[in-house]
Amino acid sequence: MPLIEAKDIIVRFSIRRGWRRSSFNAVDNVDLEIEQGTIVGLLGESGSGKTTLGKVTLDLIKPTKGVVKFMGKNIMEMNKEEYMRYRINAQYIPQDPYASLHPFKKVRDILQEIVKYHRLANNDKEALEMILDTMSKVGLNPPEKYFDKYPFQLSGGERQRVSIARALILKPMYIVADEPVTMLDASLKGAIVNTIKNAIATIGISLLFITHEITLLQYFGSQTNVLVMYLGKVVEQAPLKELLHNPLHPYTQALASAIPVADPKARTTRKLLLRGAPPSPLNKPPGCVLSDRCPFAIEKCRREQPILKAISPNHLIACHLY
Amino acid sequence: MSEVLLSTKNLSVSYYNTKVVSNASFNIYKGETYALVGESGCGKSTIASSIMRTLPEIAHINPDSQIVYHMGASAIDLLKVPENEFSRRFRWKEIAMVPQGALNALNPTIRIRDHFIETAKAHDLEKEEALERAWKLLEAVKLDPQRVLNLYPIEMSGGMKQRVLITMALFLNPKLVLLDEPTTALDVLTQREILILLGELKAKYSLTYMLITHDIALVADLADRVAVIYAGRIVEDSSVDNIFYDPKHPYTIGLLRAVPKLGEFKEPEVIPGSTPDYKRLPPGCKFIPRCPFAMDICRKEEPPLVEIDKGHFVACWLYMKR
């Protein structure tokens, strides 16, 4: 039984433009399954719906249609106790370490508040121990040094570590990390991803890692299952190694060839497979979401939406070419 | 080698009593792309601001510093030019800058056309002439001028805004363009498009670029020569091939190792320690606390930037014959 299971998720956002009201599907018929203790990568450009999907699994956004199950139980049908347990066990690491910490609270208070709210500790000493333990786990060493600091006194990397500590302190079973390192320096990215990786490995947490950088997913190993999203749709799903060496969907191919590589010799081999920007989600093409930019588009692509189907046991793709 | 366009000599900048750039000397040759690379807070943007003379008032440039700009046969020390002359003759006309953060650099309350008209007013250009020039440049960056000129910044995507900013930098026909993190905050595919575009513009308008970034992959893609900066000091300066295939300074080596390579699934390698604290810099080499090869002399004396091979400058005691 998967730990988190999202089925047929549709999230519809509506916007007003003058008198007209229009809506679009930010997430359009997506399935997501995460087994206990595994890592799933969610790859896509901005506006692809990856954050929305992540938040749906945390019940931070209610889907317009579809079901989210936690340990086999529909979260909409949980009783209060079960729902509380789900909430404690599903945590979130936000993208922007500069905006997500309370500016008037010290690190100690930020963490203590969570422990107190959920009554996880019997007394102050136990609470303190939990905080110390979590802080050293995320690399805030020695914890005493950071206790009485306000977020503005910390560097970007340290802030993100506090964010990670905040998610870990409840010892959750499931974490959504939403672009946790985009705002950080190149030399720090690896360190932070490593921290997340080690922290979840020791207690077997499941992780949904949302990113637009395919190279970051490599740190989680070649067998990490990756979903590629474009305009609310999952266009390809495969283990990372397969995705890098044998990308099949034209969008994945374009992404793979556009990845910046730290090698001056690779310059000449770069090419741009997709031109232009993704269309506004308000006027998605009627057929395949990529049909207006895809160099291989055939008549069928413009009419009919391809469905995600398996072409080998764990390689799924939504494209009429296959 | 072709002729020098701009060179700095012993450029030192302090904020209050903290020296953030220390004795930076480098040459930028006509027609090349020169990259300043380093982590955030290493002083690379301060160097750019000193060249544009847009430093905040609290900044103090050491009187020994020189920024020499070569115009035909004459060499002019930009730091000695009075401000009104600098803004009339140099800023934007000879040296322009594409600022960091494409998403917030435009005035949200006026249309794109008014951005150009304002610039024209400040430089005594006729409105019609200005719009005509803007039209041509917008076509050169592959935007539809008819449409874009009437848009507000909020109506444009990140990639479009970045293109408009590039257009504005090129508006007065500069020779040297400073690119401050030109692709951060853009999607992978958009990044690739902007990079290709920058290459085209450089050839078309015979520009010289100074690239400021922390993104190693971007450097590999764009630069001809690279200066690696640590704690406000140039620690290594050489051709892009030397930097990537024969790095000498331990910091450069660490920086390159920290970047994941495509198709490699291994633990991230991290430079130990944290970014330097300018208030508490060690007396000798500033990289000592993080350097795996630190020797006695490193603790006592700061290494000078020395040419160890033709065109390969390194500031490290490991490579110095004594």
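Residues numbered from 1 in each chain as written. Chains lettered and ligands numbered in written order. Predicted model: local features only at pLDDT ≥ 70, side-chain atom pairs only at ≥ 80, totals over all residues. Heavy atoms only, no water.

Undergrad: I keep staring at the interface of chain B and chain A and nothing clicks. Help me out?
TA: By a widely used convention, the size of an interface equals the accessible area lost when the partners come together. At the interface, 37 residues of chain B touch 39 residues of chain A. Surface buried jointly by chain B and chain A totals about 3,500 Å² across both partners, of which 59% is contributed by carbon and sulfur atoms. When the buried area of chain B at its contact with chain A is split by residue, L189, L262 and F265 of chain B rank highest and sum to 22% of it. Between chain B and chain A we count zero salt bridges in total. Broken down by secondary-structure element, the contributors of at least two residues to the side of chain B that touches chain A are α7 (188-204), α8 (216-222) and α9 (240-245) of chain B. Within the side of chain B that touches chain A, the residues separate by chemical class into 21 nonpolar, five polar and 11 charged. (Contact = heavy atoms within 4.5 Å. Buried area = accessible area lost by both parts, 1.4 Å probe. Salt bridge = Lys/Arg side-chain N within 4 Å of Asp/Glu carboxyl O. Helix = DSSP H or I, 4+ residues; strand = E, 2+ residues; numbered from the N terminus. Nonpolar A, V, L, I, M, F, W, Y, C, P; charged D, E, K, R; others polar.)

Undergrad: I keep staring at a nonpolar patch on the surface and nothing clicks. Help me out?
TA: A surface patch of nonpolar side chains, amounting to about 440 Å² of accessible area, comprises F296, I298, I311, L321 and Y322 of chain A. Relative to the elements of secondary structure, I298 of chain A occurs in the loop between α10 (250-258) and α11 (299-303). (Patch = residues over 30% accessible without salt bridge, like charges linked within 9 Å, V, L, I, M, F, W, Y side chains within 5 Å. Areas by Shrake-Rupley, 256 points an atom, 1.4 Å probe, with all protein chains shown as cover.)

Undergrad: Would you take a moment to explain the domain arrangement of chain B for this structure?
TA: Residue and element names in this part refer to chain B. Assigned domains within chain B: domain 1 (4-94 + 174-269) and domain 2 (106-170). Between domain 1 and domain 2, the C-alpha centre-to-centre distance is 25 Å. Counting residues at the interface gives 19 residues for domain 1, matched by 12 residues for domain 2. Overall, the association of domain 1 and domain 2 removes approximately 1,200 Å² of surface from exposure, summing both partners, and the carbon and sulfur fraction of that is 69%. Of all residues in domain 1, W92, L197 and L201 bury the most surface against domain 2, accounting for 31% of the area lost on that side. Linking domain 1 with domain 2 are two salt bridges, by the criterion used here. A salt bridge links R163 to E193; its shortest N-O distance comes to 3.8 Å. Taken together, domain 1 and domain 2 are joined by two residue pairs in polar contact (both at pLDDT 80 or more). The biggest single contributor to the side of domain 1 that touches domain 2 is α7, with eight residues. Grouping the amino acids of the side of domain 1 that touches domain 2 by side-chain chemistry returns 11 nonpolar, three polar and five charged. (Domains from an automatic or database assignment. Polar contact = N/O pair within 3.5 Å; in protein donor to acceptor, adjacent residues only side chain to side chain.)

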